[in-house]
Amino acid sequence: MATIKKPFWKSFVTSLIVMISIIVVCGGVLAIVNDLCKVSDEERIQRAIDKIYVDTDVSLEETLDVSTYDKNQDIGEIKACYVLSNGDYLVHVTGKKGYSNGSITLYVSVSVDNSFATVKKTVLDNYKGQTLMSKLTDFYDRFSGKTSSDDLTDIVEAGTTRSSQAVQNAVYCSIDYVNTVIGG
Amino acid sequence: MNKFSKIASNGLIKENPTFKLILGTCPTLALTTAAFNGIGMGLAVTFVLICSNVLISLLKKVIPSNVRIPAYILIIATFVTIVKLVLDKFIPSLYDALGVYLPLIVVNCIILGRAESFASKNPVTDSALDGLFMGLGFTVSITLMGAVREILGAGAIFGFKLWDFSIDFFASSAGAFFTYAIFIALFNFILYKIEQKKKLSLLEVK
């Protein structure tokens, strides 16, 4: 029995209608779920705070204006800075000049003692890339206690020399920014 | 053997996606450093498999065959994005642990494979069951692999420290390939032996 083949335009229009219908329905469903599951900026900052201050109740107090800070732009970028309820500063910073000229974004908590900015803890912003840098834990702890007078260039993880440099740049920018804010 | 037990045994044993069909190897190798990652990834894949199988089975007569693959990808991508948004909101630790492999579920061969070979040819209930058991087969397999690698590579299970002894090799990429090969060999050897036994007993009956 011979099969009747649909004309090209008819199958084209049918395919187009079906695909557009699927796109519209899927898009609508995703819009609703996205609205229900949206993670606000405040929630993301609180998550970063909870990662740094484990078992301590610390919250966001104030957001500082970072647009006036224009130093060290070749090695890093201060994305945001927050003052926390315990008086520490939480700097959201991107370090440049990493592997293949890439960048790495971190949250750096900086405490101020006698007008000296000291790094308390450093955590990675997100783990989406699943790079080697996201698997390191002890490496970031080596920046704790560092001030602007300390040399950060010797904090290097074997096998990730260039990426370590981006982290050094990010931490340096954070300390420098907080020093600028407190006038140190 | 009724339909239900046939679909169940296919998904869990006879056509086990990880150890028999060797599908979804990317997350299997990359995420099995810990048993918890295995469960998380497995359940995410199971959810996407069930939902996409049901929807594709429902729409099998509506979707023209010449655009079926892009249509399947769209449907799968929608469910993967839903899982991604829900995990980011409610289980951020698992969302961080799964990282880039979560959106990559879209191109997971198990899901597209089942959509094309099963859901597009079978009724809704059978497709849902197929998704459930294929997903469970995948979940059990990668959780087992994750448990073995976590015990040997980190001396822990589900994050709980068992002892200080660990063999770093099992936590590495090479260790993932080695463990996977051992599991495939063992699984297929046991399956082969069971089938041989069944054949022998059938011959004896005759």
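These numbers were taken from a predicted model, which means no experiment stands behind them.

### What about the overall build of chain B?
Along the backbone of chain B there are 8 helices and 2 strands. For chain B, the succession of helices and strands along the chain, N to C, is α-α-α-α-α-α-α-β-β-α. By principal-axis analysis of the C-alpha atoms, chain B measures approximately 60 × 60 × 25 Å. The 206 residues of chain B split such that 44% are buried. Here the analysis covers contacts within chain B between residues at least 6 apart in sequence; of these, 72% occur between residues at least 24 apart. Here chain B has roughly 10200 Å² of accessible surface; of this, 72% comes from carbon and sulfur atoms. Mean positive and mean negative side-chain charge positions of chain B (18 and 11 charges, respectively) differ by 11 Å.

### Quick look at the interface of chain A and chain B
Listed per partner, the contact involves 23 residues of chain A and 25 residues of chain B. Between chain A and chain B, the buried area comes to about 1900 Å², and carbon and sulfur atoms account for 69% of it. Note that arginine 44 of chain A and aspartate 88 of chain B form a salt bridge whose closest N and O atoms lie 2.8 Å from each other. Sorting the residues of the side of chain A that touches chain B by element identifies helix H1 (8–36) and helix H2 (41–52) of chain A as the ones contributing at least two each. By residue number, the principal contributor to the side of chain A that touches chain B is H1 of chain A, which donates 12 residues. Considering only residue class, the side of chain A that touches chain B consists of 11 nonpolar, 6 polar and 6 charged.

### A closer look at the pattern of salt bridges
Going through the model one piece at a time under the given rule, you end up with 11 salt bridges over all chains. Measuring nitrogen to oxygen at the nearest pair gives 3.2 Å for the salt bridge that ties lysine 89 of chain B to glutamate 43 of chain A. Taken together, the residues lysine 89 of chain B in helix H4 (residues 68–90) and glutamate 43 of chain A in helix H2 connect one chain to another. A relative accessible area of 22% means that lysine 89 of chain B is categorised as partly exposed. For glutamate 43 of chain A, a relative accessible area of 27% puts it in the partly exposed group. A salt bridge links aspartate 88 of chain A to lysine 120 of chain A; the nearest nitrogen and oxygen atoms lie 2.7 Å apart.

### Points about unusual backbone geometry
Unusually for a residue other than glycine, isoleucine 22 of chain B sits at a positive phi of about 50°. Take isoleucine 22 of chain B: it is sitting in the loop between helix H1 (3–14) and helix H2 (25–31).

### Section: the confidence of the model for chain A
Atomic detail in the predicted coordinates should be set aside for any region of low pLDDT. Scored by pLDDT, chain A comes out at a mean of 82, with 92% of its residues at no less than 70. Per-element averaging of pLDDT across chain A places helix H3 (residues 132–135) of chain A at the bottom with 68 and H1 of chain A at the top with 93.

### A look at the sheet that holds strand S2 (residues 76–84) of chain A
Residue and element names in this part refer to chain A. Strand order across the open sheet formed by 5 strands is S1-S2-S3-S4-S5, with antiparallel pairing between neighbours. Bordering the open sheet on either side are strand S1 (60–64) and strand S5 (116–124), each of which pairs with just one other strand. Here the average twist between neighbouring strands, direction ignored, is 30°. With 7 bridges connecting them, S2 and strand S3 (residues 89–95) associate as antiparallel partners. Looking at the pairing, glutamate 77 lines up with threonine 94 of S3.

Definitions and limits used
- Sequence positions are assigned chain by chain, starting from 1 and proceeding in written order.
- Here chains are named by letter from A upward and ligands by number from 1 upward, in the order in which they appear as written.
- It should be noted that, the model being predicted, local features are given only for residues of pLDDT at least 70 and side-chain atom pairs only at 80 or more, the latter also being counted only at that level, while totals for whole chains, interfaces and linings use all residues.
- Hydrogens are left out, water is left out, and the side-chain values use all remaining heavy atoms of the structure.
- Runs of E in the DSSP output that reach at least two residues are strands. Runs of H or I that reach at least four are helices, and both are numbered from the N terminus.
- The cut-offs for exposure are 20% and 50% of the maximum accessible area for each residue type, with area from a 1.4 Å probe on protein chains only; residues under the lower value are buried, those over the upper are exposed, and the others partly exposed.
- Here a residue-residue contact requires only that any non-hydrogen atoms of the pair lie within 4.5 Å.
- Accessible surface area values rest on a Shrake-Rupley calculation with a 1.4 Å probe, where residue burial reflects the displayed protein chains alone.
- We treat Lys and Arg as the positive residues and Asp and Glu as the negative residues; His and chain ends play no part in the count.
- Think of each charge as sitting on NZ of Lys, CZ of Arg, CG of Asp or CD of Glu.
- Two parts lose some accessible area (1.4 Å probe) when they are put together, and adding that loss for both gives the buried area.
- We count a salt bridge whenever a side-chain nitrogen from Lys or Arg sits within 4 Å of a carboxyl oxygen from Asp or Glu.
- The nonpolar class holds Ala, Val, Leu, Ile, Met, Phe, Trp, Tyr, Cys and Pro. Asp, Glu, Lys and Arg form the charged class, and all remaining residues, Gly among them, are polar.
- Within a predicted model, pLDDT stands for the predictor's per-residue confidence, ranging from 0 to 100.
- Note on pairing: DSSP must find at least two bridges between two strands before they are called paired.
- In this description, a line fitted to the C-alpha atoms serves as the axis of each element, helices being fitted only across the stretch in contact, and the angle between N-to-C directions of two axes falls anywhere from 0 to 180 degrees.

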